[in-house]
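# Structure assessment
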Amino acid sequence: MDTLNISATANGLNYLPEYLADVTGLFRDAGLVVTARACDPWTGVLDDLESGAADLALGGLWVPGMYVGSPRELSVICQLNHQAPKAVVYRGAPESFGFADLRGKVVLAPGIGGSAPYAVTAGLVREAGVDPAEITFLRDLSTPMFVELFHAGLGDAIILDLVTACEVEATGAGKIVFRNLDSGGTMPNSVYYARVDRVEELRDRLTRFTACLDAAMTALPRTSGEIVDSILTTRWPAKDLDILREATRQMTASTVWATVAIDPAASDRWMRMLAEAAMVTRAPSYAELSDDTFMKAYR
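We now turn to the structure provided with this report.

What counts and what doesn't
- Residues numbered from 1 in each chain as written.
- Predicted model: local features only at pLDDT ≥ 70, side-chain atom pairs only at ≥ 80, totals over all residues.
- Heavy atoms only, no water.
- Buried < 20%, exposed > 50% of the residue type's maximum accessible area, 1.4 Å probe, protein only.
- Helix = DSSP H or I, 4+ residues; strand = E, 2+ residues; numbered from the N terminus.
- Pairing = 2+ DSSP bridges.
- Axes fitted to C-alpha atoms, helices over the stretch in contact; angles between N-to-C directions.
- Contact = heavy atoms within 4.5 Å.
- Phe/Tyr/Trp six-rings, centres within 6.5 Å; stacked < 30°, edge-to-face > 60°.
- Lys NZ or Arg CZ within 6 Å of the ring centre and 35° of its normal.
- Parallel < 35°, antiparallel > 145°, perpendicular 65-115°, else oblique.
- Left-handed = near helix turned anticlockwise from the far one by under 90°.
- Nonpolar A, V, L, I, M, F, W, Y, C, P; charged D, E, K, R; others polar.
- Salt bridge = Lys/Arg side-chain N within 4 Å of Asp/Glu carboxyl O.
- Core = buried A, V, L, I, M, F, W, Y, C linked by side-chain atoms within 4.5 Å.

## Some words on the pairing of strand S10 (residues 190-195)
Of all six residues in S10, six are buried, a share of seventy percent or more. Judged from the four bridges that link them, strand S3 (residues 56-60) and S10 form a sheet pairing that is antiparallel. The partner of leucine 58 across the bridge, within S10, is tyrosine 192. Pairing between strand S4 (residues 74-79) and S10: five bridges, direction antiparallel. Bridge pairing in S10 links valine 76 to tyrosine 193.

Pasting the structure below:
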């Protein structure tokens, strides 16, 4: 058996296909022993890649995007999410919603786990013809802290992962008025990346790993509820199982887990959003970010 060690930026429901591949033996049947840990702080994934403690990092595409042209050379192997499963929860229950409604409002954008909640939303806001400067974004605090403060009355809206958004909506504190799954389009959200200088050493293992993820994505919609529930209760024992089930249902019904292959145009769109937010010196192309050889079979 060959080992493959992953350091992830979180323990997230959007990572479900990886967890499924593990518990159903897909990795084992491919001759892989896959270990994974969630780093706190999330930037530990970069330390683990550098030290060799991790073969792969799992996290946002924006991270390797920001490092293009720097001494830290990273190569994206494949994606785990074809969409960004974020949602906007708005205080109260508006009958309709458009990003123009956020003009003059205060929006909480958790950022201690990374800049994606703000950057994605600001990019979508620009695409809708609204200047993000017309919105007051509060950033850089953790999701639990911002959720607590939202319940206490801070802010008009909050950007959240789908599970937390469903939790907040269930309390009546706000309503989900925008889901990236519905209107955000295709966006490579969570991806696996490795050090460029290790790709050839890992090539066979990474090829098998990518095939396992693809198989798990294909199997997920028809996987028994018992197996999925077991993963949910094991990984998030303190969460409401019905809310976890509903968020899983919504993601499964979307294209979040449609393919391990990154859409080049979607990658370029995400990098353009980063460039507009001045998070990169220039927008790197898909070809600069990714080793396409691992994904060609799944297009």
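## Some remarks on the sheet that holds strand S8 (residues 157-161)
Pairing is mixed across the open sheet formed by five strands, whose spatial order is S7-S6-S8-S5-S9. A strand with exactly one partner marks an edge of an open sheet, and here the two such strands are strand S7 (136-139) and strand S9 (174-179). Averaged over neighbouring strand pairs, the angle between their axes works out to 30° when direction is ignored. Summarising the sheet, strand S6 (residues 106-109) and S7 pair through four bridges and their orientation is parallel. When the bridges of S7 are listed, valine 107 appears paired with phenylalanine 137. Together, strand S5 (86-91), S6, S7 and S8 form the strand contacts of helix H6 (residues 143-151), whose direction differs from that of S8 by roughly 145°.

## Some words on the packing of aromatic side chains
The final tally for this structure, using the stated rule, is nine aromatic pairs. Three or more aromatic residues joined by ring pairs form one cluster here, namely Tyr90, Phe97, Phe99 and Phe178. Sitting over the ring of phenylalanine 150, arginine 91 keeps its end group 4.1 Å from the ring centre.

## Let's talk about the packing of helix H7 (residues 162-171) against helix H11 (residues 241-253)
At a closest axis distance of 9 Å, the pairing of H7 and H11 adopts a crossing angle of 125°. Comparing their axes, H11 and H7 come out oblique. Crossing hand, H7 versus H11: right-handed. Facing H7, whose interface residues are Leu162, Val163, Cys166, Glu167 and Ala170, H11 presents Ile243, Leu244, Ala247, Gln250 and Met251. Considering only residue class, the contact of H7 with H11 consists of eight nonpolar, one polar and one charged.

## Overview of the pattern of salt bridges
Scanning the model with the defined rule gives 21 salt bridges in all. A salt bridge links arginine 198 to glutamate 201; the shortest N-O distance between them is 2.8 Å. Across the pair arginine 245 and aspartate 229 runs a salt bridge whose closest N-O atoms are separated by 2.6 Å. Highlighted residues: arginine 245 in helix H11 and aspartate 229 in helix H10 (residues 225-235), separated in sequence by 16 residues. Residue classification places arginine 245 among the partly exposed positions, given a relative accessible area of 38%. Overall, the relative accessible area of 18% leaves aspartate 229 in the buried class. Three or more residues joined by partner-sharing salt bridges are found here, namely Glu127, Arg269, Arg272 and Glu276.

## Structural notes on the sheet that holds strand S1 (residues 2-8)
Pairing in this open sheet of five strands is mixed, and the strands run S2-S1-S3-S10-S4 from one edge to the other. Since the sheet does not close on itself, it has two edges, and those belong to strand S2 (32-38) and S4, each with one partner. This sheet shows a mean twist of 30° between the axes of neighbouring strands, independent of strand direction. Two strands pair when backbone bridges link them, and S1 and S2 are joined in this way by seven bridges, in the parallel orientation. Bridge pairing in S2 links serine 7 to arginine 37. On top of the sheet, helix H3 (residues 44-51) reaches S1, S2, S3, S4 and S10; it is set at about 30° to S10, its chief contact.

## Details of the nonpolar core
Ranked by size, the top nonpolar core spans 103 residues in total, and within it Leu56, Tyr192, Tyr193, Phe209 and Trp270 carry the most contacts. Ranked by the residues each element gives to this core, the list is headed by helix H9 (residues 199-219), at eight residues. Those residues in contact with tyrosine 192 that sit more than four places away from it in its chain are Ile6, Glu18, Leu56, Ala57, Leu58, Ser75, Val76, Ile77, Cys78, Leu80, Phe209 and Leu213.

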